[in-house]
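# Understanding the architecture of this molecule
Listed here are the chains, written in short residue letters.
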Amino acid sequence: MYHPAGMRRAGPFLIVLIGVLALFIDFFPGLRLPDSSAADGQWRLVETKLGLDLEGGLRVEYRALPKDGVSPTQESMGVIKDIIERRVNSTGVSEPVVVVQGADRVVIELPGVSDVDAVRRLVGQTGQLDFVPLPADSQGASDGQILPRADYPPLFSGDQVQSATIGQDRNGGLAVDFVLKDNGPDSGAQLFEQYTTKNAGDYFAITLDQSVISAPRIEGPIPGGRGQITGGGLGGFPAQEANDLVTVLKFGSLPFPIEELSSEQISATLGETFLNQSLLAGLIGIVLVATFMMIYYRLPGLVATFALIYYTLVVYAIFRMVPVTLTLAGIAGFVLSIGMAVDANILIFERMKEELRVGKSLPAAVEAGFNRAWNSILDSNVSSLITATILYSFGSSTIRGFALVLIIGVLISMFSAIVVTRSIMRVLVRQQFARSARLFGLREDEFVAMGATRPSRRPVRADG
């Protein structure tokens, strides 16, 4: 059951707890967190990651070699680019630059990287696609989960996949059809038929470099090596997810071997002077916004400024934890989210002043201001989140970085504007010093006559 009084008491403690954790993450040197992208449970250093335009990084050039007398085509080079980009961008936020040059060259630029050997281990391998049986008592496996080959021996490898296409399930939704090679007793088709006959109702996994790509459930025996993977819902797979799975099944391993041609360190593309000017411009903008809030809204504006500082610390802590690679586009998204947080506070404070003018007491006006402005705040932020989500889903690596920063910023700005500002205002309006018209940008007659709970200064005289 929901208890408003209990939530009010817990709010300040939650704000303090999150603030202390944010300060610890932002300024404690040497802090380490588990590395979700590592297969062996390694810990990574919590640090601020900067993009190529702010920090520079490593540039490596590869060439695709002919295979079985066949030279790479433009289509196969696009597949190589996509696979390499997925490998070097496993967290989705490191913003690598991967481009195809000419007929057989791929250039990779990685921000903040100096270890060439690490890139070689990540990119230079051709990759290993496997069909892996899962234990009979398992409930499947999650996407991205690491299944070490020593613990989960594969049934057969991806070279047994003859074709993969997008199809339709029995409900008309998108599905992925695949055909396995059937050229002998040890072929993928024969092995899969034997396994599915004995293990109907169990799960198996499709892994790329031991990372789970899909883990479907076996509905029944699959003879002849012709199977279908369904999305599970009425609509089947989303289009992008179906395309990705087809690409993995067809080209999980690089379609052509690649060799390294050169590697070199590159400097920041913006330059230190331009970076300092950009940061100074952003800081001036934030200071001007905070100054306006304090001059025009007085006490509520001061509270909003504190909430913005709190917001900045929390967002920066999240950037370091994920970690998000900050580029100039990402910083622009961050500043934009600050503007949206201020916009929410303006809606709240203007509504609060209207409530004071119609005769409500100060505590009641504060509550009404937040409650009545909530719908407008929610609508504007949800529309921004929808736009940012579309950009993140379909944009390039730089656009995705901007969109991710904006999504994080909008979500935290809603928390700072609604929870942090509201909790502080609830405490302040019950203090005697806060019951002054000047502190809320109102005239004395508006503030007193319209129901604010502050005694009048005019003396009371006895008749006669």
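Residues numbered from 1 in each chain as written. Predicted model: local features only at pLDDT ≥ 70, side-chain atom pairs only at ≥ 80, totals over all residues. Heavy atoms only, no water.

## A few points about the overall build of the chain
In terms of regular secondary structure, the chain is built from twelve helices and 15 strands. Counting across all 464 residues of the chain, residues that qualify as buried make up 42%. Sequence-distant contacts, at least 24 apart, represent 71% of the contacts inside the chain between residues at least 6 apart. Working note: accessible area of the chain is about 24200 Å², and carbon and sulfur atoms make up 58% of it. (Helix = DSSP H or I, 4+ residues; strand = E, 2+ residues; numbered from the N terminus. Buried < 20%, exposed > 50% of the residue type's maximum accessible area, 1.4 Å probe, protein only. Contact = heavy atoms within 4.5 Å. Areas by Shrake-Rupley, 256 points an atom, 1.4 Å probe, with all protein chains shown as cover.)

## Some thoughts on the sheet that holds strand 4 (residues 57–64)
The four strands lie next to each other as 5-6-4-14, forming an open sheet whose pairing is antiparallel. The open sheet has two free edges, formed respectively by strand 5 (97–101) and strand 14 (258–266), since each of these has just one partner strand. Here the strands of the sheet are splayed against their neighbours by 20° on average, with no regard to which way each runs. Across eight bridges, the pairing between strand 4 and strand 14 is antiparallel. Paired with Tyr62 across the bridge in strand 14 is Glu260. (Pairing = 2+ DSSP bridges. Axes fitted to C-alpha atoms, helices over the stretch in contact; angles between N-to-C directions.)

## As for the pairing of strand 6 (residues 105–111)
Counted residue by residue, strand 6 has five buried out of seven residues, so it is predominantly covered. Looking at chain direction, strand 4 and strand 6 are connected through seven bridges and run antiparallel. Each bridged residue has a counterpart across the sheet, and for Tyr62 the counterpart in strand 6 is Val106. Two strands pair when backbone bridges link them, and strand 5 and strand 6 are joined in this way by five bridges, in the antiparallel orientation. Looking at strand 6, one finds that Val98 is bridged to Ile108. Hairpin remark: strand 5 followed by strand 6, antiparallel, with three residues in the connecting loop; positive phi at Gly102, about 70°.

## Some thoughts on a negative patch on the surface
Judged by side-chain charge, Asp82, Asp143, Glu241 and Asp244 come together as a negatively charged surface patch. Position of Asp244 among the secondary structure elements: in helix 6 (residues 239–251). (Patch = residues over 30% accessible without salt bridge, like charges linked within 9 Å, V, L, I, M, F, W, Y side chains within 5 Å. Salt bridge = Lys/Arg side-chain N within 4 Å of Asp/Glu carboxyl O. Lys, Arg positive; Asp, Glu negative; His and termini not counted. Charge placed at Lys NZ, Arg CZ, Asp CG, Glu CD.)

## Focus on the pattern of salt bridges
This model, assessed by the stated rule, comprises 14 salt bridges. Note that Arg63 is salt-bridged to Glu259, the shortest N-O span being 2.2 Å. With Arg63 in strand 4 and Glu259 in strand 14, the pair connects residues that are 196 residues apart, well separated along the chain. The exposure class of Arg63 is partly exposed, given its relative accessible area of 27%. Ionic pairing is found between Lys360 and Glu355, a salt bridge with its closest N-O pair at 3.2 Å. Under the relative-accessibility criterion, Lys360 is labelled partly exposed at 28%. Shared partners join several salt bridges into a network, and the residues in it are Arg59, Glu61, Asp104, Arg105, Glu109 and Glu264.

## Quick look at the sheet that holds strand 9 (residues 161–168)
Strand order in the open sheet made by the three strands is 9-10-13, with antiparallel pairing throughout. Looking at strand neighbours, the two that pair on one side only are strand 9 and strand 13 (226–230), the edges of this open sheet. Going across the sheet, the axis of each strand differs from the next one's by a mean of 25°, ignoring polarity. Both strand 9 and strand 10 (residues 174–180) contribute to a ladder of seven bridges, which runs antiparallel. Bridging from a neighbouring strand, Ser163 pairs with Val179 of strand 10.

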